[in-house]
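# Working through the structure, step by step
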4 protein chains.
Amino acid sequence: MVMAVIRCDFAAETLELGTSMTVVLPEEGPTPPPVLYLLHGLSDDHSAWTRFTAIERYATDRGLAVVMPQVHRSFYANEAVGMRFWDFLSEELPATVDRFFKVSARREDTFVAGLSMGGYGAFKWALRQPHRFAAAASLSGALDLAYIQEFDLRPHIRGLVPRVFADRQVRGGDEDLLHLVKSVAPAELPRLFLRCGTEDVLLKQNERFVAAAQAAGVPVDAGFGPGEHVWQYWDDQIRNVLDWMLPKPV
Amino acid sequence: MVMAVIRCDFAAETLELGTSMTVVLPEEGPTPPPVLYLLHGLSDDHSAWTRFTAIERYATDRGLAVVMPQVHRSFYANEAVGMRFWDFLSEELPATVDRFFKVSARREDTFVAGLSMGGYGAFKWALRQPHRFAAAASLSGALDLAYIQEFDLRPHIRGLVPRVFADRQVRGGDEDLLHLVKSVAPAELPRLFLRCGTEDVLLKQNERFVAAAQAAGVPVDAGFGPGEHVWQYWDDQIRNVLDWMLPKPV
Amino acid sequence: MVMAVIRCDFAAETLELGTSMTVVLPEEGPTPPPVLYLLHGLSDDHSAWTRFTAIERYATDRGLAVVMPQVHRSFYANEAVGMRFWDFLSEELPATVDRFFKVSARREDTFVAGLSMGGYGAFKWALRQPHRFAAAASLSGALDLAYIQEFDLRPHIRGLVPRVFADRQVRGGDEDLLHLVKSVAPAELPRLFLRCGTEDVLLKQNERFVAAAQAAGVPVDAGFGPGEHVWQYWDDQIRNVLDWMLPKPV
Amino acid sequence: MVMAVIRCDFAAETLELGTSMTVVLPEEGPTPPPVLYLLHGLSDDHSAWTRFTAIERYATDRGLAVVMPQVHRSFYANEAVGMRFWDFLSEELPATVDRFFKVSARREDTFVAGLSMGGYGAFKWALRQPHRFAAAASLSGALDLAYIQEFDLRPHIRGLVPRVFADRQVRGGDEDLLHLVKSVAPAELPRLFLRCGTEDVLLKQNERFVAAAQAAGVPVDAGFGPGEHVWQYWDDQIRNVLDWMLPKPV
């Protein structure tokens, strides 16, 4: 046990609201350590990854810091009628982490990953601010947000669309990963990794993103295998993400 | 030191979101203990009362449990475009507390208080569900929500009005305390306590509520003295609230 | 996600010291829920099980509450020169849990398990207070404490022996599981479950306990397979423990 | 609200044990911020100062970080039969803070204070490692440990003497503040501040320390006024400590 786990309650200026993040820091290894921003899904908060997986343990051998923020049910967007979660994620959070903690700010040491809505968030962040990250990973990502806005009729989704988007059309804009992936020079992008279970309702969205990336000449390490939209799958797959992102030192 | 402090992360079904509450429980004294629901202000979360006051210490001598939930910037309402924070507060929270913790559910043992937006929340809860509470207190409460909706032009307020209310008119409805206070039989109400600083920008709202209560024949223990809209004032006044709610055992 | 996780800081009267426990509570299912006391190893604290395994997730489907206390490096004993951790564990902790939380106190709903030093603690508690538990499990348990006192020359062990035992001889006394297991009527005991990795330095201690239990006519569901003294093993095995203790509802 | 509060669970190598600290960090103001190490009393843990005072609020205006560790009932000593809490406090803790957090390590930005046993700890640390601190403060300090070892017959004290000291004589050694204060050059010392209530059972110990300091030519800002050995006193006095240590910016 050579990690520290931190629960940090702080005032988010962009949100005008108190919020929390969970942070894992290595007690050994080089300083400042590399850092993974790890994003939660729709109904979760900052505590989910540490509660439903053993992420701290998986990060230990790599000397990897992990930062887990929370953004409610916002799709990591500036909500049309609500709070500016994109500004919070992409500007305030890294600045706050950099102010408080001794973690590396170098691109080659900085990673992002997430599950479901957080997989969408991870790829959106990587595509919009490719200079920040060495690599990004999406697990079971809700990657086709235009489809969700237009066609996903499940009540828990319909309820959030007006708040997040109001009349703003996702398709073709900068919330639309299938569009974004065409708009950046492939050479500037971080490495991308994608996994989705073949029993996952989001499977087709993942296939569409992979196709769009391929059409745009953007390489993605994509894999589809048995799996549902459940924490057991993410607990298994996050280990693969880390193996891919940052091999254990020999 | 004979209290326990609890940080509870749980899934709020009405919000479809993970949330947190801070709970203080007495280790001594009669079981089940009386309980105070203590509500936060606009930019705060569940941790604010324990961080900016010594509420746990003040509750100790009384053997009083304190439950501190969080509702974002919702004015303890079901947001027009957002989440059902009123349902969460008034139904799910007490049911969850009752499921998890051994605290009294008797009316004579149940109290509610809050500051600013939370003072509004405390009185709204007491006026709408008077059968729950023996007493309710508002400190520096944002009590005239119709005024806020119609006339408060500060940017941090304008930004939340569309989310919380959309086109819903507060005045004369069940979010309007000046209306609510006329609509319940005074004999059914819990005891009411109100304090506001004379240097507080919300002073006039408090005076209007007191006038409306008086006109409706509802007694309020109201007091106005030197004070601003700051935590030092609430740290001082919450002790007066507890003295008034639940005298220390001799 | 239908569980709550609680961090509780409280004053332990028997220890004359503030301490913490982590508690997992089901939000759904029958009330009061069954409860597992889950004990940590030598260098860990109350947070270890939730950090290095996904215990909350494994408990979810069973509607099982989990209580994780901490006892420093005490071997769950009243230290000869130190604090009364046995009294804390066996009397104060259950009373505190019963005072605060709505969990079942019925024997058929009460379980104990632990790893390493905590495996020792779990079996000690079950053998000394068999009326409390329906079942007990030890993973990689430090089960032969007399051997440890007499022969374990590793510095991190030698350092604690004077504090915990001073001149008190373990062998043949009520800290000695190999003795205790002969001293109770097998019919009164909870069900026992034991797992230890064949690469674990504690393997022989586990074999000796199993032999002693067998000699005493006490049935133990014992299993030895590949595994070391590491969290990956306990994360795997605790799922087997739960399957054995409390089958998932169909 | 422009502070963050952090709960950090980490592995203390010198203790061979998981432990916790609470840390308050300013979100605004110069980086790295000045830092106060704030020490707890005999029966408390790292959470006490934040629970029983509003320390976070008092630190806000000064942009002061506050680090609150925990050392059980050790008198901040390497226990004769137990754990090396002095090594933990004086070496591992600052190194860990320096590894994790961006706080100043400059002498003029570093402070230490504590109450009761923690007042003793604060002065011991300042006298033994005067190069670390700009100033040190003791509130209601248990400052005459030789007296406590030799004459304090209260059961909760007698119980800990064997563990902490065994046969080691405090008087005249480096656990004895009345001795230590004579052994350092006054010019090398940080500024010293001392407060104790006139109704406090430790009053005479404080008077003896002040006399010893005076005899040694060490200036102490000492004050005695009405007050008992209770948190209300410390909540009041810690504000005086901060005013003296680090005046608020104009």
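Just so you know, the residues in each chain are numbered from 1, in the order the chain's sequence is written. Starting at A for chains and at 1 for ligands, labels are handed out in the order in which the entities are written. Selection of residues for local features in this predicted model requires a pLDDT of at least 70, selection of side-chain atom pairs for listing and counting requires 80 or more, and totals for whole chains, interfaces and linings are taken over all residues. To get the side-chain values, all heavy atoms of the structure are used, and hydrogens and water are removed first.

You'll find chain A entered in an unreviewed UniProt entry as Esterase, with Paractinoplanes tereljensis given as the organism.

This brings us to the overall build of chain A. Each helix is a run of H or I in the DSSP string that is no shorter than four residues. Each strand is a run of E no shorter than two, and both are numbered from the N terminus. Looking only at helices and strands, chain A features 10 helices and 8 strands. In terms of principal-axis extent, the alpha carbons of chain A reach across some 50 × 40 × 35 Å. For chain A, the residues scored as buried account for 67% of the 250 residues in total. For chain A, long-range pairs separated by at least 24 residues make up 75% of all intrachain contacts whose partners lie at least 6 apart in sequence. Per element, the accessible surface of chain A, about 8,400 Å² overall, is 54% carbon and sulfur. Burial status follows relative accessibility: with a 1.4 Å probe on protein chains alone, a residue under 20% of its type maximum counts as buried, one over 50% as exposed, and anything between as partly exposed. Every residue pair with non-hydrogen atoms within 4.5 Å of one another is taken to be in contact. Residue-level accessible areas treat just the shown protein chains as cover; the underlying method is Shrake-Rupley with a 1.4 Å probe.

Quick look at the packing of helix α3 (residues 85–100) of chain A against helix α4 (residues 117–128) of chain A now. Residues and elements named next belong to chain A. Note on geometry: axes are lines fitted to C-alpha atoms, helical ones only across the stretch in contact, with angles between N-to-C directions running from 0 to 180 degrees. Relative to each other, α3 and α4 sit at 65°, their axes nearing to 11 Å. Judged by the angle between their axes, α3 and α4 are roughly perpendicular. For the pair α3 and α4, the crossing hand works out as right-handed. Contacts between α3 and α4 involve W86, L89, S90 and P94 on the former and, on the latter, K124, W125 and R128. For classification purposes, angles smaller than 35 degrees are called roughly parallel, those larger than 145 roughly antiparallel, those between 65 and 115 roughly perpendicular, and all remaining angles oblique. By the definition used in this description, the sense in which the near helix is turned from the far one sets the handedness, with an anticlockwise turn below a right angle giving left-handed and a clockwise turn giving right-handed.

Overlaying chain A on chain D yields an RMSD of 0.0 Å, the required transformation being a rotation through 180° with an accompanying axial translation of 0.0 Å. The symmetry that links the two subunits is that of a two-fold axis. With an isologous cut-off of 70% or more, the 100% of interface residues of chain A that recur at the interface of chain D puts this contact in the isologous class. Copies overlap after least-squares fitting; the atoms used are the C-alpha atoms of residues with pLDDT of at least 70 in both.

Our next topic: the relation of the copies chain D and chain B. Superposing chain D onto chain B requires a rotation of 180° together with a translation of 0.0 Å along the rotation axis, leaving an RMSD of 0.0 Å. An overlap of 100% is found between the interface residues of chain D and their copies at the interface of chain B, pointing to a shared contact surface.

What follows deals with the interface of chain A and chain D. Every contact between the two is made by 23 residues of chain A and, on the other side, 23 residues of chain D. With both sides pooled, the region where chain A packs onto chain D buries about 2,100 Å², and carbon together with sulfur makes up 48% of that total. Looking at the side of chain A facing chain D, the largest losses of area belong to R99, F100 and K102 of chain A, adding up to 35% of the total buried there. By salt bridge we mean one thing: a side-chain nitrogen of Lys or Arg within 4 Å of a carboxyl oxygen of Asp or Glu. At the boundary of chain A with chain D, the tally comes to 2 salt bridges. Across the pair K102 of chain D and D98 of chain A runs a salt bridge whose closest N-O atoms are separated by 3.1 Å. The term buried area refers to how much accessible surface (probe radius 1.4 Å) is lost by two components on association, counted for both of them together.

Pairing of aromatic side chains requires ring centres within 6.5 Å, counting the rings of Phe and Tyr and the six-membered ring of Trp. Pairs whose planes differ by under 30 degrees are stacked, by over 60 edge-to-face, and all others tilted. Throughout the structure, instances matching the rule amount to 46 aromatic pairs over all chains. Geometrically, the ring pair formed by F52 of chain B and W231 of chain B is tilted, given 5.3 Å between the ring centres and 40° between the ring planes. Residue F52 of chain B is located in helix α1 (residues 48–52), and its partner W231 of chain B is located in helix α10 (residues 231–245); the two are separated by 179 residues in the primary sequence. Of the residues examined, F52 of chain B reaches a relative accessible area of 3% and is grouped as buried. Overall, the relative accessible area of 12% leaves W231 of chain B in the buried class. Judged by centre distance (6.0 Å) and plane angle (45°), the ring pair of F101 of chain B and F101 of chain C falls under tilted. Of this pair, F101 of chain B sits in the loop between α3 (85–100) and β5 (110–115) while F101 of chain C sits in the loop between α3 (85–100) and β5 (110–115), each in a different chain. The exposure class assigned to F101 of chain B is buried, which follows from its relative accessible area of 0%.

A few words on the pattern of salt bridges. Scanning all chains against the criterion turns up 80 salt bridges over all chains. One salt bridge connects E150 of chain B with R171 of chain B, and the closest N-O pair in it is separated by 2.8 Å. Residue E150 of chain B is found in helix α5 (residues 145–151), and its partner R171 of chain B is found in the loop between α7 (161–165) and α8 (177–183); the two are separated by 21 residues along the sequence. Of the residues examined, R171 of chain B reaches a relative accessible area of 40% and is grouped as partly exposed. Salt bridges here are not isolated pairs; linked through shared partners, they connect R57 of chain A together with D235, D236 and R239 of chain C.

We now examine the pairing of strand β3 (residues 35–39) of chain D. Regular strands have side chains that alternate between both faces of the sheet. Residues and elements named next belong to chain D. Across the 5 residues of β3, 5 count as buried, placing the element largely inside the fold. The alternating pattern of β3 places V35, Y37 and L39 and L36 and L38 on opposite faces, both of which are buried. When DSSP locates at least two bridges between a pair of strands, those strands are taken to pair. Summarising the sheet, β3 and strand β4 (residues 65–68) pair through 3 bridges and their orientation is parallel. From the neighbouring strand, Y37 faces β4, where its bridge partner is V67. Sheet topology places β3 next to strand β5 (residues 110–115); 5 bridges connect them, and they run parallel. Bridge pairing in β5 places L38 opposite A113.

Residue and element names in this part refer to chain B. Locating L180 in the fold gives a position in helix α8. Measuring from C-alpha to C-alpha, the distance between L180 and F123 comes to 9.6 Å, with 57 residues separating the pair along the chain. Apart from the residues lying within four places of it in its own chain, the contact partners of L180 are K124, L127, R128 and D174.

Time to look at the interface of chain D and chain B. With 18 residues of chain D at the interface, the matching set in chain B holds 18 residues. Roughly 1,500 Å² of surface becomes buried between chain D and chain B when both sides are summed, with 46% attributable to carbon and sulfur atoms. The interface formed by chain D and chain B contains 4 salt bridges. We note a salt bridge from E56 of chain D to R51 of chain B, for which the minimum N-O separation is 2.7 Å. Within 3.5 Å is the distance limit for a polar contact, defined as a pair of N or O atoms, with the added protein rule that one can donate a hydrogen and the other accept it, and that residues adjacent in sequence qualify only through two side-chain atoms. The tally of links between chain D and chain B comes to 12 residue pairs in polar contact (both at pLDDT 80 or more). Looking at the side of chain D that touches chain B, the elements that each hand over two or more residues are β1 (3–12), α1 (48–52), α2 (55–60) and α10 (231–245) of chain D. If one sorts the elements of the side of chain D that touches chain B by residue count, α10 of chain D sits on top with 4 residues.

Residue and element names in this part refer to chain A. Here S140 is to be found in the loop between β6 (135–139) and α5 (145–151). For S140, a relative accessible area of 0% translates into the label buried. Ignoring anything within four residues of it in the chain, the contact list for S140 reads S116, R195, C196, D200, L202, N206, H229, Y233 and W234.

Here we come to the pairing of strand β2 (residues 17–26) of chain C. Residues and elements named next belong to chain C. By the criterion of burial, β2 is predominantly enclosed, with 10 of the 10 residues buried. Judged by which residues are buried, β2 turns out to be covered on both faces: L17, T19, M21, V23 and L25 on one side and G18, S20, T22, V24 and P26 on the other are all buried. Two strands pair when backbone bridges link them, and strand β1 (residues 3–12) and β2 are joined in this way by 10 bridges, in the antiparallel orientation. The residue bridging D9 from the neighbouring strand is S20, located in β2. Note: β2 against strand β4 (residues 65–68), 3 bridges, orientation antiparallel. Each residue of the ladder has a partner; that of V23, found in β4, is V67.

This part is about helix α3 (residues 85–100) of chain D. Given a residue, its bend is the angle between the two axes fitted to the seven residues that end at it and to the seven that start from it. Residue E92 of chain D marks the point of greatest curvature in α3 of chain D, where the axis turns by about 40°; the proline P94 of chain D follows within four residues. Across the 16 residues that make up α3 of chain D, a large majority, 13, are buried.

Bringing unusual backbone geometry into the picture now. Trans peptide bonds make up most of the peptide bonds, and negative phi angles are found at most residues other than glycine. A cis amide bond links T31 of chain C to the next residue, P32 of chain C, at an omega of -10°. With respect to the secondary-structure elements, P32 of chain C resides in the loop between β2 and β3 (35–39). Despite not being glycine, F75 of chain D shows a phi value in the positive range, around 55°. Looking at the element boundaries, F75 of chain D is found in the loop between β4 and α3. Of note, A166 of chain D is a non-glycine position whose phi angle comes to about 45°, a positive value. Among the structural elements, A166 of chain D can be located in the loop between α7 (161–165) and α8 (177–183).

Here we come to the environment of G227 of chain B. With respect to the element layout, G227 of chain B can be found in the loop between β8 (221–225) and α10. Sequence separation of G227 of chain B and T110 of chain B is 117 residues, and the distance between their C-alpha atoms is 28 Å.

Residues and elements named next belong to chain D. Relative to the assigned elements, S138 resides in strand β6 (residues 135–139). Residue S138 is classed as buried on the basis of its relative accessible area, which comes to 0%. The contacts of S138, once residues within four sequence positions are left out, are G114, G119, F123, L143, F193, L194 and R195.

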